[in-house]
Amino acid sequence: MTSIRPTHTTAAPLTDLVAGLDLVGDTTSPVPISGVSLSSQEIQPGWLYLALPGRQRHGAEFACAAVDSGAAAVLTDPEGAGLLDGLGVPVLVADDVRAAMATVSARVFGHPSRRLTTLGVTGTNGKTTTVALVKAGLMAGGRLAGTIGTIGFRLGGEELRSSRSTVTTPESPDLQALLAVMVERGADAVAVEVSSHAMALNRVDPIEFDVAAFLNLGRDHLDFHHSIEDYFEAKAKLFDAGRARSSVVWVDDGAGRVIADRVAAHGQSRLITAGTGPEADYRMSDYRPVHPLGGVATVTRGGEDLTLELSLPGVYNMVDAVVALAMLEAVGLPAEAALRGLSKAQIPGRMQRVDLGVGAPLVVVDFAHTPQAVEAALQSLQGIGTLITVLGCGGDRDAEKRPEMGAVAARLSDVTIITDDNPRSEDPAAIRAEVMAGARAAQRAGTQLIEVPGRRAAVENALQMAGGDTVVAILGKGHERGQILADRTVDFDDVEEAARAWSRAGEEGDPDARAHDA
Ligand SMILES: CC(=O)N[C@H]1[C@@H](OP(=O)(O)OP(=O)(O)OC[C@H]2O[C@@H](n3ccc(=O)[nH]c3=O)[C@H](O)[C@@H]2O)O[C@H](CO)[C@@H](O)[C@@H]1O[C@H](C)C(=O)N[C@@H](C)C(=O)N[C@H](CCC(=O)O)C(=O)O
Ligand SMILES: Nc1ncnc2c1ncn2[C@@H]1O[C@H](COP(=O)(O)OP(=O)(O)OP(=O)(O)O)[C@@H](O)[C@H]1O
Ligand SMILES: N[C@H](CCC[C@H](N)C(=O)O)C(=O)O
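As the structure is a computational prediction, the values presented were derived from the model and not from experiment.

Mapped onto the secondary structure, Met-199 falls in helix H7 (residues 196-200). Once the C-alpha coordinates of Met-199 and Ala-106 are considered, the two residues, 93 residues apart in sequence, prove to be 16 Å apart. Those residues within four positions of Met-199 in sequence are excluded, and the remaining contacts are Val-194, Val-204, Ala-234, Lys-235, Lys-237, Leu-238 and Arg-243.

What follows is the structure, encoded as structure tokens:
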């Protein structure tokens, strides 16, 4: 599978594509360019090869291969230029190669974002949820909407499959191409998750969003950003002058208040605040859970009270929905359509109910993979029935969170089954031991704590214990379709595994007899 590209792209002279950019090299070459790519393996004849540094190698090392595949020119940075010699095609060099790449990519595809209503969402938690909620509202209003983010790329009900769909925000050549594909297929709106990486690495330049939203700031990605301040500033860039015509900001969050003040100070974007305080333009109040998996709240805006219903549990999802509602109204969607769409929205791998039929336990698959997210997910499942939680932690990721995740799960569950997530290069048993240590320390009397190597076995174990009045929470992998082991990725889907485990459990005995045994 390769990256997605539109069927038709009109070739433009290289000179036009780089006009006004701060570049050196063959800037006057009129060679026609009909596409762009960061990968030599995807280059087609007549495309521009973007030779950027990666984690292991510099893209310039693959420039010869790109030219062999038909690259008509190469854009690189000064380090890359030093690696190139006698390529036989024009070479352009930019100090800020990512900014140049973003502009050239938008131009190659004819600035597709200008033909779409664009909605961007940033924040540490809730981007995927908010983007999906925004899409549900747009679709209810009769708009054909696309989404770009962690759970992939979609247009209406269709998944746009791409080799690059494991990112949150694609690199600018892939993002612009994806927007062009959406335009080509009749989309009129797109909701984009904007990660901090995206802002730091110029991925959404030079898009001017119709509306951008800020949700919250938590600790994350400190392996990439040098400090929490650095991480915040990356996200805050989405609210600089010229980035968005309207800005929706959740001001209960301290970082949100800083952003709101900045937007008010530069005055180049319409500021819309959302929160629980009386000063918020969209004020959320009176949240009530609707069991088993829903909620309702009042949203007051412009002196009017609206009732916002959701088929997702937890106040955090309602927060995302209030932000989504404000975004939808900012782009002119009637409140009635927005509320209707939001009320039914479901999100793959986010508090997703696995339909197992009558008499089955309530099984929920969620992507919670931080202590905060595990807590939020499990809090929203309290008081429904005996709660069995299955969770593990990913390898090659922040190890400090492991005991914390184990502790939260043990504190909030009747049965906690510790198993594997994506072990990657680490020893799964060692990861489980770290999670178990936290869980053991937090275990309450009368609850069970079990370690089960192998995620499939753990899910089976949980479903064998479960009965009609049990809730099973399978956390950490959500929408993921594979499990990353040391040397390979195997097919693995928590929703399918749960369904299979339930039917297998049914074959092995009477479910009613199994209830409560936990
Ligand atoms: C994991 C990671 O950091 N990947 C980045 C890295 O790719 P890489 O390590 O595979 O690159 P490499 O193997 O060193 O090769 C260097 C370059 O040569 C090219 N190449 C390589 C081999 C070849 O045969 N031909 C060829 O052209 C590669 O396409 C690459 O551009 O260098 C590339 C060029 O700079 C980046 O595009 C790429 O970002 C990808 C999109 C990525 O996933 N980045 C992560 C860090 C990211 O952005 N994550 C956030 C997560 C947000 C969240 O979790 O909230 C996101 O927004 O997705
Ligand atoms: N408004 C919010 N405030 C705090 N936590 C939230 C909020 N919205 C969602 N969350 C938590 O964040 C978790 C991840 O939600 P979601 O996938 O929508 O976020 P994300 O920003 O896309 O994160 P990721 O990039 O890791 O997927 C949820 O399971 C929930 O626990
Ligand atoms: N975007 C996150 C997702 C983690 C999901 C969890 N299943 C894991 O593997 O830790 C990451 O790659 O760190």
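Here, the residues flagged by UniProt with the feature "binding site: UDP-N-acetyl-alpha-D-muramoyl-L-alanyl-D-glutamate" (unreviewed entry) are Leu-38, Ser-40, Thr-168, Thr-169, Ser-195 and Arg-203. Spanning 166 residues, the named residues are also spread out in space, since their farthest C-alpha pair is 25.4 Å apart. Here Thr-169 shows up in the loop between strand E11 (158-159) and helix H6 (172-184). With relative accessibility at 0%, the residue Thr-169 sits in the buried group. Other than its neighbours up to four places away in sequence, Thr-169 contacts Glu-193, Val-194, Ser-195, Ala-198, Arg-203 and Val-204. Polar contacts involving the side chain of Thr-169 include one to the main-chain amide nitrogen of Ser-195, which spans 3.0 Å. What makes Arg-203 buried here is its relative accessible area of 11%.

Taken together, 18 residues form the shell around ligand 2, and within it Gly-126, Thr-128, Thr-129, Asp-320 and Arg-350 come nearest. The side chain of Arg-350 places a nitrogen or oxygen atom 2.6 Å from an oxygen atom of ligand 2. One of the side-chain nitrogen or oxygen atoms of Asp-366 is found 3.4 Å away from an oxygen atom of ligand 2. Protein coverage of the free-state accessible area of ligand 2, which is 630 Å², stands at 85%. At the level of elements, helix H5 (127-140), helix H10 (315-330) and helix H12 (371-379) are the ones that each hand at least two residues to the shell around ligand 2.

This brings us to the pairing of strand E7 (residues 91-94). Burial along E7 is two-sided: the residues Val-91 and Val-93 and Leu-92 and Ala-94 are all buried. Judged from the 3 bridges that link them, strand E2 (residues 23-25) and E7 form a sheet pairing that is antiparallel. Opposite Val-24, over in E7, you have Val-93 as the bridge partner. Sheet topology places strand E6 (residues 73-76) next to E7; 3 bridges connect them, and they run parallel. Counterpart to Val-74 in the pairing with E7 is Val-91. Handedness of the crossover joining E6 and E7 through helix H3 (residues 78-83): right-handed.

Criteria and thresholds
- Residues numbered from 1 in each chain as written.
- Chains lettered and ligands numbered in written order.
- Predicted model: local features only at pLDDT ≥ 70, side-chain atom pairs only at ≥ 80, totals over all residues.
- Heavy atoms only, no water.
- Helix = DSSP H or I, 4+ residues; strand = E, 2+ residues; numbered from the N terminus.
- Contact = heavy atoms within 4.5 Å.
- UniProt positions renumbered as here; feature names shortened; annotations may be inferred.
- Buried < 20%, exposed > 50% of the residue type's maximum accessible area, 1.4 Å probe, protein only.
- Polar contact = N/O pair within 3.5 Å; in protein donor to acceptor, adjacent residues only side chain to side chain.
- Near = heavy atom within 4 Å.
- Areas by Shrake-Rupley, 256 points an atom, 1.4 Å probe, with all protein chains shown as cover.
- Pairing = 2+ DSSP bridges.
- Right-handed = clockwise from strand over helix to strand, strands pointing away.

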